[in-house]
Amino acid sequence: MEIILEKRKSLNINDDFGIEKCWNEMTELLSQNEMETINYLEESTEKDLYYISEIFEDVSERFQSEQIAYLNFETFYDYLEAGVRKEPETTQLTDLLSEVKDSLQLR
């Protein structure tokens, strides 16, 4: 996963093909085992969570379609909140947390 994340981080924002390829690879890896995914998210850095958030809905759908208890935005919000507590000076994660908070209408 780290190799794919590093590749994704290095891609130009206009490299739609490369970004989509990374998204597909990340989704495939994170959709294999729910508990491993949860553990991975809990240990992820702020920057990694920022990029993983791009495919979070796809991963959630995969778990749901396999009738496994799936990760949802509220769970993801909890991970983001924990990340902000670990690294409060970062803005990417704080901005992402704000977006998720707005989508959940948590105030």
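Residues numbered from 1 in each chain as written. Predicted model: local features only at pLDDT ≥ 70, side-chain atom pairs only at ≥ 80, totals over all residues. Heavy atoms only, no water.

Another aspect to go through is the packing of helix H1 (residues 2-10) against helix H2 (residues 16-30). Following both chains from N to C, one finds H1 and H2 inclined at 155°, their axes separated by 10 Å at the closest point. Taken together, the axes of H1 and H2 lie roughly antiparallel to each other. Note on packing geometry: the crossing formed by H1 with H2 is left-handed. In contact with Ile 4, Leu 5, Lys 7 and Arg 8 of H1, H2 contributes Ile 19, Lys 21, Cys 22, Trp 23, Glu 25, Met 26 and Leu 29. For the contact of H1 with H2, a count of residues per class yields seven nonpolar, no polar and four charged. (Axes fitted to C-alpha atoms, helices over the stretch in contact; angles between N-to-C directions. Helix = DSSP H or I, 4+ residues; strand = E, 2+ residues; numbered from the N terminus. Parallel < 35°, antiparallel > 145°, perpendicular 65-115°, else oblique. Left-handed = near helix turned anticlockwise from the far one by under 90°. Contact = heavy atoms within 4.5 Å. Nonpolar A, V, L, I, M, F, W, Y, C, P; charged D, E, K, R; others polar.)

A few words on the nonpolar core. If you look at the biggest cluster of nonpolar residues, it comprises 17 residues, and the most contacted ones within it are Met 1, Leu 5, Met 26, Leu 30, Tyr 40, Ile 52 and Ile 55. When residues of this core are assigned to their parent elements, the largest contribution, four residues, is made by H2. Apart from residues lying up to four places away in sequence, Met 1 is in contact with Met 26, Leu 29, Leu 30, Tyr 40 and Ile 52. (Core = buried A, V, L, I, M, F, W, Y, C linked by side-chain atoms within 4.5 Å. Buried < 20%, exposed > 50% of the residue type's maximum accessible area, 1.4 Å probe, protein only.)

Next up on the list: helix H3 (residues 34-43). Count 3.6 residues to each turn of an α-helix, and residues three or four apart come out pointing the same way. Burial in H3 covers these residues: Glu 34, Thr 37, Ile 38, Tyr 40 and Leu 41. Down the axis, H3 shows its buried residues gathered within 165° of arc, on one side only. Turned more than 90 degrees from where H3 packs its buried face, Met 35, Glu 36 and Glu 43 sit exposed. Its side-chain oxygen 3.0 Å from the backbone nitrogen of Met 35, Asn 33 forms the N-cap of H3. (Arc of directions from axis to C-beta. Polar contact = N/O pair within 3.5 Å; in protein donor to acceptor, adjacent residues only side chain to side chain.)

Read these as layout, nothing more, since geometry by itself doesn't imply function.
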